[in-house]
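A closer look at the structure
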Amino acid sequence: MITIRSTIAVTSSPKTEFTLQDTGVFLGIVASLVMLSGVAINIISKINKISFTVDGIQEALKMHASNAEKIKDLDKRLDIHLQDYVNYKDANLLSHNGLDERIEHKWQRAENEFNALKTSVKEVQGFLHRTNDFKIRE
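Quick look at the structure, then. Here the structure is a predicted model, which is why all the values come from computation and not from measurement.

With respect to the overall build of the protein chain
Across its full length, the protein chain holds one helix and zero strands. Relative to its full complement of 138 residues, the protein chain shows a buried share of 0%. Summed over all atoms, the accessible surface of the protein chain reaches about 13,700 Å², with 63% contributed by carbon and sulfur.

Right under this line is the structure:
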């Protein structure tokens with residue numbers, strides 16, 4: 001038996017060499033990626049600032065809502081105190097007017113009593129003057 005050997009011609013794979021143009025393209029791509037990442041970082045930092053600002057606004061709104069509730073509570077308390085003052089003033093005014101009326105009534109009664117006593121004294125003086133030699137001194 002005769003064996004025949006066959007040889008296949010194989011060419012070696014070409015070696016990849018980077019040319020100046022390839023390097024320029026590669027550097028352009030890297031520079032573009034760096035710029036895009038810088039823009040992305042800038043956008044993300046602005047979004048974070050906006051997020052922190054929104055969080056701060058939410059906290060401020062919560063604080064103002066709490067203050068509004070406190071003001072509402074104080075307003076209710078003030079209304080209660082004002083109503084107490086008005087009631088106290090009205091009670092004192094009624095009491096004062098009642099006292100004025102009582103004093104006026106008592107004074108009229110006293111004047112009537114004084115007039116009655118004055119009349120009685122005049123009658124007694126007249127009687128004593130007629131019956132005795134009683135002299136009236138004034």
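Text resumes after the structure shown.
Details of the pattern of salt bridges
Scanning the model with the defined rule gives two salt bridges in all. A salt bridge links K62 to E59, with the shortest nitrogen-to-oxygen separation between them at 4.0 Å. With K62 and E59 both in helix α1 (residues 20-131), this residue pair falls three residues apart, about one helical turn. Taking the shortest distance from any N to any O, the salt bridge between D73 and R77 comes out at 3.3 Å.

Here's the deal with a nonpolar patch on the surface
Nonpolar side chains collect at one region of the surface, where V25, I29, L33 and L36 lie side by side and expose about 400 Å² of accessible area between them. Inspection of the secondary structure assignment puts V25 in helix α1.

As for a negative patch on the surface
On the surface, D100, E101, E104 and E111 cluster together into a negatively charged patch. With respect to the helices, strands and loops of the structure, E104 is situated in helix α1. On the basis of relative accessible area, E104 is assigned to the partly exposed category, the value being 42%.

Structural notes on the environment of T23
As for its position among the elements, T23 is in helix α1. Reaching out from T23, the side chain makes a polar contact with the backbone oxygen of T19 at a distance of 2.9 Å.

Here is what the cut-offs are and how they apply
- Residues numbered from 1 in each chain as written.
- Predicted model: local features only at pLDDT ≥ 70, side-chain atom pairs only at ≥ 80, totals over all residues.
- Heavy atoms only, no water.
- Helix = DSSP H or I, 4+ residues; strand = E, 2+ residues; numbered from the N terminus.
- Buried < 20%, exposed > 50% of the residue type's maximum accessible area, 1.4 Å probe, protein only.
- Areas by Shrake-Rupley, 256 points an atom, 1.4 Å probe, with all protein chains shown as cover.
- Salt bridge = Lys/Arg side-chain N within 4 Å of Asp/Glu carboxyl O.
- Patch = residues over 30% accessible without salt bridge, like charges linked within 9 Å, V, L, I, M, F, W, Y side chains within 5 Å.
- Lys, Arg positive; Asp, Glu negative; His and termini not counted.
- Charge placed at Lys NZ, Arg CZ, Asp CG, Glu CD.
- Polar contact = N/O pair within 3.5 Å; in protein donor to acceptor, adjacent residues only side chain to side chain.

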